[in-house]
Amino acid sequence: MSLLHRQLSQVLTVWSWKRRLDVPLYPAIGLHFRTFCTAVSEADPIQIHKNKLFLWFSHLPQEEKQFGGYFSPETMHVDPLILERKAEERAALLSSPLQTRPLASDSVTVEKLFEHTDGWSGGRGLNVLLYGAVGTGKSTVIRKLVLDWCNGATLTQFKLLVPFSCEDLSQLSKVSSLRDLVGRKYLHLRKHPLLSGEGDQAKDVLFLFNGMERMKLDFRIGSSELCSDPNEGLPPNVVVVNLLRKYLLPEASILVTTRLSALDRVPQKYVSRYAQICGFSDPDRQRAYFTSRLLQQSGKSAHNYGAQELIELLYLNLQRESQLAAACFLPSYCWLTCATLHFLHFTDAKAPIRTLTGIYTSFLRMNFGGEVLGSGTATNVPLQEQNSSLMLYVVRTVGKLAFDGVTFKRTSFSEDELEQWIGGKTKTDEELRQLAMFRTDVLDFFLAPCVERSKDLPDSLSENDQCRYVFAVPAMQEYLAALYVVLGENKSALEKMTKQVSVAIGQAGEDVSALFNILSKFIPLRIFAVFNLLKLFPKLYEKISSRNRGSIAKTMASEMFRTEDSYNEDVLDQVEQSLLGVHGPQPKQYCEKQPFELYPIFMGGLLHYGNRTLLQQLGCNIQSTTVVQITKALRKYLVRELSKPQPPEELMDLLVLLYEFQNPRLTAEVLASIRSIRLTNIRMTSLKCFILSSVLSCTPASYRLQEMDLSSCLLTHEILTILCPAFRHTRNLSLQFNSLGPESCIALRDLLLDPKSSIESLQLCDNPLLDSGVSTLLEALPGNQSLTHLSLMHTGLGDKAALELAERIQQHTGLQELNVAYNNIGDNAALALVDACREHPSIHTVHLYLNSLSDVGKQSLYVRGVPQSNGRKVKVLASVTEGSDISEDWHPILGVIRENAKSWDRQRVKQQLQVFLRDLEWGRQQQQSLWKRLHFRRVEKGVRKTLRMLERDIKPPSSGYNR
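Residues numbered from 1 in each chain as written. Predicted model: local features only at pLDDT ≥ 70, side-chain atom pairs only at ≥ 80, totals over all residues. Heavy atoms only, no water.

S.K.: For this particular structure, what's the right way to read the overall build of the protein chain?
M.R.: Of regular secondary structure, the protein chain possesses 37 helices and 19 strands. A total of 963 residues make up the protein chain; the buried ones form 55% of that total. At a minimum sequence separation of 6, the contacts of the protein chain that also span at least 24 residues come to 79%. Accessible area for the protein chain stands at about 43300 Å²; split by element, carbon and sulfur atoms hold 52% of it. (Helix = DSSP H or I, 4+ residues; strand = E, 2+ residues; numbered from the N terminus. Buried < 20%, exposed > 50% of the residue type's maximum accessible area, 1.4 Å probe, protein only. Contact = heavy atoms within 4.5 Å. Areas by Shrake-Rupley, 256 points an atom, 1.4 Å probe, with all protein chains shown as cover.)

This is the structure:
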C-alpha cells in the first residue's frame with residue numbers, strides 16, 4: 001500500500017500541453033498514447049485526466065527494475081482472491097492460507113462490487129470498503145483498477161474516477177473544500193461540472209480513498225459538522241466523513257481501502273458492501289504470478305528455458321502445500337520469491353549490482369515505507385509517539401523474537417513465546433492499542449502456522465506442542481535478527497542504564513559548567529574541579545558503545561566460521577532449496593538446532609550505504625560511526641580466521657559476505673591475507689561466478705592468488721566468461737571435471753593472451769575440449785610466456801591435436817610439464833610429441849599413460865626418455881613400467897587412476913589396468929634379482945587392489961596427487 005501512497009503524493013499540479021505528444025508506452029504490447037490537442041481549452045478534461053492517470057499509475061517502482069525492466073502493470077498482474085463479506089462477518093480472518101480453495105468460486109471483482117442490488121437506493125451512490133492485511137495486494141488491485149478505467153476496460157459506468165491518497169490528506173493542515181482538494185491534485189478538474197453538486201451529475205463520479213487507516217475519521221456530529229456544499233472549506237477528514245455520510249455529493253460512489261484494524265472507523269450504516277482481499281489462495285494463482293514474472297525476465301531462449309524449469313520446480317513445491325505455499329498466500333511474498341530467484345539464476349556480468357540484503361530491504365520498504373504505528377483514537381498522545389515507525393516497532397518485537405531464535409538455534413515458536421516476545425510487558429492503554437493494531441495488521445505478515453511440522457519433528461515433540469509458528473520465509477528470521485543486532489537493540493540492561501545516566505549527567509554537566517564559568521571569577525578553581533568529572537560520563541558511554549559494536553563484529557566472524565556448520569551447503573544453495581524444495585531422497589534427519597549462516601551475511605549487508613539509506617526511510621537509522629567501528633573490528637577478526645584453512649562451503653560464504661558488504665577497501669584488506677581460493681565441488685552458478693569476480697575486482701591489479709581451484713563446479717561456457725576477470729588474479733588455475741567444451745577454449749585462449757594475466761599452471765582435465773577446442777587453445781602459445789604446466793588429460797584429444805601440439809610447442813619456451821594422459825593418442829602422434837618435447841628447452845615431464853599405445857610404442861617412448869648428450873632428460877610417463885624395469889612414477893600414475901576411476905570409463909580403465917598387470921608380469925620374469933622381483937610384486941599388488949576397488953564400486957581414498 002505504501003508504494004501507491006508515494007505515487008499518489010507525486011501528482012503534478014501543473015501539466016504543460018503546449019506541444020503535441022506521442023509517447024509510446026509498453027512497445028512490446030503495442031500501446032501508445034493518443035495525440036493531444038495544442039490548446040488546453042479544446043481538450044476534454046476527462047480525457048486529459050485519463051491520460052495523466054495512465055502515465056502516473058503506469059510508473060513502476062524502483063524495486064521492479066531488478067527484474068530487467070521487461071514488465072508492465074498489465075502483463076504482470078494476477079488478480080488476487082476477493083471475497084464479499086457480510087457486515088456481521090467483516091472482521092472474520094482466514095484461519096489458514098491453505099484452507100481457502102473452496103472459496104475461490106465465490107471470488108468477486110471490484111467492478112462487480114459496484115453493481116446495484118435490489119436494496120439499492122436510486123439516489124445514492126455505493127460505498128465499498130475493500131480491506132486486507134499487509135501484503136495481500138490492495139495497492140496492486142488499485143493500480144490495475146485505475147489503469148483499466150483509463151483504458152475503458154472496467155467501471156465504464158463512471159465518467160470520472162478521482163483517486164486520493166489518505167496519507168496526503170492526513171498531512172494537510174489548512175481547511176479546503178472538496179473542489180479545492182480535487183483541484184489541488186488535478187488542476188484540469190478544478191471547475192468540472194460533475195463535481196459542482198448540481199442535479200445528479202455526481203452519479204457518474206467514483207472517489208477512491210487509498211489507505212483510510214492513515215486518517216482519523218470521526219463520524220460524531222460534535223466532531224465533524226455536516227456539509228453539503230462542495231465549495232465550503234473544511235478540514236480534509238471532515239470532507240471525507242461527509243462524503244461517506246452521503247451528505248456531500250450523495251450520488252457519488254466511493255471505494256475505500258484500509259487495513260483490518262481500521263474497519264470499525266467507518267460505521268456499518270455508511271458502508272454498502274464489504275470486500276476482503278485474501279491474496280493468492282491456490283497454487284494456480286501463484287504459478288500464474290511466477291510465470292508472468294520469471295518468463296519475461298529476458299528475451300533469450302536459454303534463459304526462458306531455465307525460467308520454465310524454475311517455475312515447474314516452484315509449482316511442485318507449492319502443490320505439496322509446503323511452507324512456501326503458505327507464505328506465497330501473500331502476493332508480497334510471491335514478489336520476494338521471484339526477486340530472489342531472479343537474483344540467484346539470472347545474474348550476469350552486465351547486470352547492475354544487486355545483493356540479497358538489498359532485496360529484503362527493498363521488500364520491506366515496499367510494504368512498510370512511510371507506515372507508522374497509529375495510536376488509535378487517543379488525542380492526548382504526543383505527535384512524535386503517534387507517528388512512530390512501524391518498521392522500528394517490528395524490529396523491537398518480531399526482530400527480538402527472531403534474535404532469540406537465532407541465538408538458541410530454533411526456527412519455530414509456541415504461542416506462549418509469541419506472547420512473551422511480541423506482547424512484552426505492556427502497561428499503558430496506548431501501548432495495548434498499538435499492540436492490538438500490530439497483531440491485527442502486521443504479525444501475520446511475518447509469522448505463519450507451521451504447516452510442515454509433522455514431517456520434520458519427532459512424534460513426541462509434535463504431539464506435545466501442535467500449534468507452532470515459523471517465519472513465512474526462513475531467511476526473514478535471519479534478516480530481522482541481523483537488523484535487531486545492527487540497530488543496537490540487543491543492549492544489556494547495564495548498557496541501557498549507562499546511556500540514560502550518561503545523557504542525564506552530561507546535560508547536568510553543561511549547566512554546571514556554565515555556572516562554574518561565572519563563579520570561577522570569584523572562587524578558587526580547585527573547589528570546582530570535581531565538577532569536571534561530570535564531563536567524563538558521555539565519553540565513558542562512547543567507550544562502552546564502541547566495545548559493544550566490536551562485539552557485533554566478533555559475533556559476525558564467529559557465526560561465519562562455526563565448526564558445526566562447516567560442511568553444510570553454501571548459503572546461496574540453502575536459499576534456493578528453501579524456495580524450490582528438496583527433490584528426491586531426503587536423508588537429512590530432524591535437527592533441533594538449525595544452522596543460521598545467512599545471519600552474519602545479512603549483518604554485513606545492512607552496513608552497506610544503499611541499504612542504510614532505505615532503512616532510514618523506514619525509520620531505522622544506522623549511524624556512520626557505528627559502521628566504521630564494526631568494520632574496523634570485523635577486519636581484524638576476518639583476517640585472523642582466514643589464517644586457518646577453510647572448507648569450500650565456508651569460503652564461498654565468506655565471498656558472499658564480502659559481496660553483500662560492498663566495501664572495496666575492506667574486501668581488499670581481507671583478501672590480502674588469502675593465498676588460495678579452493679571451491680571444489682561447489683555448484684558455481686552465474687551469481688556465484690559474478691560474486692567471485694566482483695570481490696576479486698576490489699583488489700589491486702598486482703594482487704595474485706597462488707591457486708584458484710574450481711574443480712567439479714559444473715562450469716559451462718556461459719558462466720566461464722563471467723569468471724575471466726577473476727582468473728587474471730591467479731597463478732595456478734584448476735578447471736578440472738567441468739562441462740567446458742570447444743567453445744570455452746576461445747575464452748581461455750583470450751585469457752592466456754591477456755597481458756594482465758599471469759597464469760603459470762592450467763588444469764583442464766576431464767573437460768570435453770576435443771581436437772577443435774585444443775586447437776583453439778594452442779593459438780595462445782606464441783603470445784603467452786607465463787604458462788609452465790598445462791594439463792589436457794581426458795579432454796578427447798586425438799592424433800590431430802597431438803601433432804598440432806608437437807608443432808606449436810616450440811613457440812612457447814617456458815612450458816615445463818605437459819599432461820595429455822587418458823586421450824586417444826596413437827603411437828606415431830605420441831612419438832612426434834615426445835620428440836618435440838626433447839627439443840624443447842624447458843619441458844621435463846610428459847604424461848602419456850592411458851592412451852592407445854602399443855607395447856612397441858611404449859618401448860620407443862622409453863628409449864626417447866633417456867638422457868641426451870647434454871645430460872638433459874625428458875621424463876615420459878606412459879606406463880607403470882619402463883621397458884623391463886619399474887617406472888619411478890608408478891605410484892603417482894596409480895594415484896591419479898584411483899582418484900578419477902569413478903568418473904572415467906570403467907571398462908577402459910579396467911583394460912588399461914590389465915595391460916599394466918601384463919607389463920609387470922613380463923618385466924618381473926626378466927629380473928634376476930630377488931629384490932627387484934619383490935618390488936614388481938609390490939607394484940602388481942597395488943594395481944590389483946585398484947582393479948578390485950573398481951569392480952566392487954568402492955570409493956577410493958584421496959591420494960593427494962594432482963590430476
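S.K.: Is there a simple way to explain the side chain of Arg273 in this structure?
M.R.: Topologically, Arg273 is positioned in strand 6 (residues 273-277). Accessibility expressed as a relative area gives 13% for Arg273, which makes it buried. Separated by 2.9 Å, the side chain of Arg273 and the backbone oxygen of Lys112 make a polar contact. The residues touching Arg273, leaving out its near neighbours within four places in the chain, are Glu84, Lys112, Leu113, Phe114, Glu115, Thr117, Asn127, Val128 and Leu129. (Polar contact = N/O pair within 3.5 Å; in protein donor to acceptor, adjacent residues only side chain to side chain.)

S.K.: What should I look at first to understand the packing of aromatic side chains in this one?
M.R.: Where two aromatic rings form a pair, the distance of their centres and the angle of their planes describe that pair. The final tally for this structure, using the stated rule, is 23 aromatic pairs. Here the aromatic rings of Phe368 and Phe446 are separated by 5.6 Å at their centres, their planes lie at 10°, and the arrangement is stacked. One end of the pair, Phe368, is in helix 12 (residues 356-368); the other, Phe446, is in helix 16 (residues 429-446), with 78 residues separating them in the sequence. Each member of the pair, Phe368 as well as Phe446, is classed as buried. Aromatic rings pair up to connect Trp56, Phe57, Phe164, Tyr186, Phe207 and Phe209 into one cluster. Its guanidinium or amino end placed over the ring of Tyr315, Arg287 lies 4.4 Å from that ring's centre, counting from NZ or CZ. Over the ring of Tyr637 we find Lys636, and its NZ or CZ is 5.1 Å from the ring centre. (Phe/Tyr/Trp six-rings, centres within 6.5 Å; stacked < 30°, edge-to-face > 60°. Lys NZ or Arg CZ within 6 Å of the ring centre and 35° of its normal.)

S.K.: Just to check I follow, could you spell out the side chain of Asp204 for this structure?
M.R.: Mapping Asp204 onto the fold places it in the loop between helix 6 (178-185) and strand 4 (205-210). Using a relative accessible area of 11% as the deciding quantity, one classes Asp204 as buried. Once residues lying within four places of it in the same chain are set aside, the contact partners of Asp204 are Gln157, Phe158, Lys159, Leu160 and Leu194.

S.K.: Explain the nonpolar core to me, please; I cannot follow it from the model alone.
M.R.: A general feature of soluble globular proteins is that nonpolar side chains tend to end up buried together. Counting residues in each nonpolar core, the largest one holds 181 residues, and the members touching the most others are Tyr333, Phe446 and Met476. If sequence neighbours within four positions are ignored, Met476 has contacts with Tyr333, Leu336, Tyr360, Phe363, Leu364, Phe446 and Phe471. (Core = buried A, V, L, I, M, F, W, Y, C linked by side-chain atoms within 4.5 Å.)

S.K.: Would you mind going over a nonpolar patch on the surface with me for this structure?
M.R.: A contiguous nonpolar patch, built from Ile221, Leu226 and Tyr247 and spanning about 290 Å² of accessible area, is present on the exposed surface. Position of Leu226 relative to the elements: it lies in the loop between strand 4 and helix 7 (236-245). Accessibility expressed as a relative area gives 39% for Leu226, which makes it partly exposed. (Patch = residues over 30% accessible without salt bridge, like charges linked within 9 Å, V, L, I, M, F, W, Y side chains within 5 Å. Salt bridge = Lys/Arg side-chain N within 4 Å of Asp/Glu carboxyl O.)

S.K.: Just checking my understanding: could you explain a positive patch on the surface for this structure?
M.R.: Positive charge collects at one region of the surface, where Lys941, Lys945, Arg948 and Arg952 lie side by side. Looking at where Arg948 falls in the secondary structure, it is placed in helix 37 (residues 930-951). (Lys, Arg positive; Asp, Glu negative; His and termini not counted. Charge placed at Lys NZ, Arg CZ, Asp CG, Glu CD.)

S.K.: What is the right way to read the packing of helix 14 (residues 390-407) against helix 16 from this model?
M.R.: A pair of packed helices is characterised by two quantities: the angle between their axes and the separation of those axes. Running from amino to carboxyl end, helix 14 crosses helix 16 at an angle of 80°, the nearest separation of the two axes being 11 Å. Judged on the interaxial angle alone, helix 16 and helix 14 are roughly perpendicular. Each of Leu390, Tyr393, Val394, Thr397 and Val398 in helix 14 lies in contact with helix 16, whose residues at this interface are Gln434, Leu435, Phe438, Val442, Leu443 and Phe446. Tallied by class, residues from the contact of helix 14 with helix 16 come to nine nonpolar, two polar and no charged. (Axes fitted to C-alpha atoms, helices over the stretch in contact; angles between N-to-C directions. Parallel < 35°, antiparallel > 145°, perpendicular 65-115°, else oblique. Nonpolar A, V, L, I, M, F, W, Y, C, P; charged D, E, K, R; others polar.)

S.K.: Quick question: what am I supposed to make of the environment of Met366 here?
M.R.: As for its placement among the helices and strands, Met366 is situated in helix 12. The class for Met366 is buried, based on a relative accessible area of 12%. Each C-alpha atom of the pair Met366 and Gly135 lies 9.4 Å from the other, and the pair is 231 residues apart in sequence.

S.K.: Could you clarify how one ought to interpret the sheet that holds strand 7 (residues 412-414) in this entry?
M.R.: Pairing between sheet strands relies on hydrogen bonds along the backbone, with the strands arranged either parallel or antiparallel. An order of 7-9-8 is seen for the three strands of this open sheet, with the pairing classed as antiparallel. The two strands at the open ends of the sheet, each matched to only one other strand, are strand 7 and strand 8 (447-449). Strand-to-strand twist across the sheet, computed as the mean angle between neighbouring axes with direction ignored, equals 40°. The pairing of strand 8 with strand 9 (residues 468-471) spans three bridges and is classified as antiparallel. Opposite Pro449, over in strand 9, you have Tyr469 as the bridge partner. (Pairing = 2+ DSSP bridges.)

S.K.: Please explain the sheet that holds strand 2 (residues 127-131) as it appears in this structure.
M.R.: Read across the sheet, six strands follow the order 1-6-2-5-4-3 without closing on themselves; strand pairing throughout is mixed. Lying at the two open borders of the sheet, with one neighbouring strand each, are strand 1 (82-85) and strand 3 (160-165). Between one strand and the next, the sheet's axes are offset by a mean angle of 20°, whatever the strand orientation. Summarising the sheet, strand 3 and strand 4 pair through six bridges and their orientation is parallel. In the strand pairing of strand 4, Phe164 is matched with Phe209.

S.K.: Even after reading the chapter, I still don't get the pattern of salt bridges, so can you show me in this structure?
M.R.: Applying the stated rule across the entire model yields 30 salt bridges. With a closest N to O distance of 3.0 Å, Lys688 and Asp573 form a salt bridge. With Lys688 in helix 28 (residues 686-696) and Asp573 in helix 22 (residues 571-580), the pair connects residues that are 115 residues apart, well separated along the chain. As far as the burial class goes, Lys688 and Asp573 line up, both buried. A salt bridge links Glu669 to Arg665; the nearest nitrogen and oxygen atoms lie 3.5 Å apart. Placement of both Glu669 and Arg665 in helix 27 (residues 664-671) is noted, with a separation of four residues, approximately one turn of the helix. We classify Glu669 as partly exposed; its relative accessible area is 29%. Taken together, the shared-partner salt bridges connect Asp570, Asp573, Glu576, Arg683 and Lys688 into one network.

S.K.: Explain unusual backbone geometry to me, please; I cannot follow it from the model alone.
M.R.: The phi dihedral of Lys409 is positive, around 55°, even though this residue is not glycine. For Leu714, which is not glycine, the phi torsion reads 60° and is therefore positive. Relative to the assigned elements, Leu714 resides in the loop between strand 11 (705-709) and helix 29 (717-727).

S.K.: What's the story with helix 4 (residues 138-150) in this structure? I'm lost.
M.R.: One turn of the α-helix equals 3.6 residues, which is why residues spaced by three or four share an orientation. End to end, helix 4 covers 19 Å across 13 residues, agreeing with the expected 18 Å (1.5 Å per residue, within 8%). With 12 of 13 residues buried, helix 4 lies mostly within the body of the structure. Along helix 4, the residues that are buried comprise Lys138, Ser139, Val141, Ile142, Arg143, Lys144, Leu145, Val146, Leu147, Asp148, Trp149 and Cys150. (Expected span 1.5 Å × (residues − 1).)

S.K.: Just checking my understanding: could you explain the packing of helix 8 (residues 283-294) against helix 11 (residues 331-345) for this structure?
M.R.: Taken N-terminus to C-terminus, the directions of helix 8 and helix 11 make an angle of 40°; their axes are 10 Å apart at the nearest point. The orientation of helix 8 with respect to helix 11, classified from their angle, is oblique. Crossing of helix 8 against helix 11: the hand is right-handed. Between helix 8, through Gln286, Tyr289, Phe290, Arg293 and Leu294, and helix 11, the contact on the second element is made entirely by Pro331, Cys334, Trp335, Thr337, Cys338 and Leu341. When grouped by side-chain class, the residues that make up the contact of helix 8 with helix 11 number eight nonpolar, two polar and one charged. (Left-handed = near helix turned anticlockwise from the far one by under 90°.)

S.K.: Honestly, helix 32 (residues 799-808) in this entry has me stumped. Any pointers?
M.R.: The complete set of buried residues in helix 32 reads Ala801, Ala802, Glu804, Leu805 and Ala806. Looking at the packing, one finds that the buried side of helix 32 touches helix 31 (770-778), strand 15 (817-819) and helix 33 (827-839).

The values reported here are purely geometric and, on their own, carry no functional implication.
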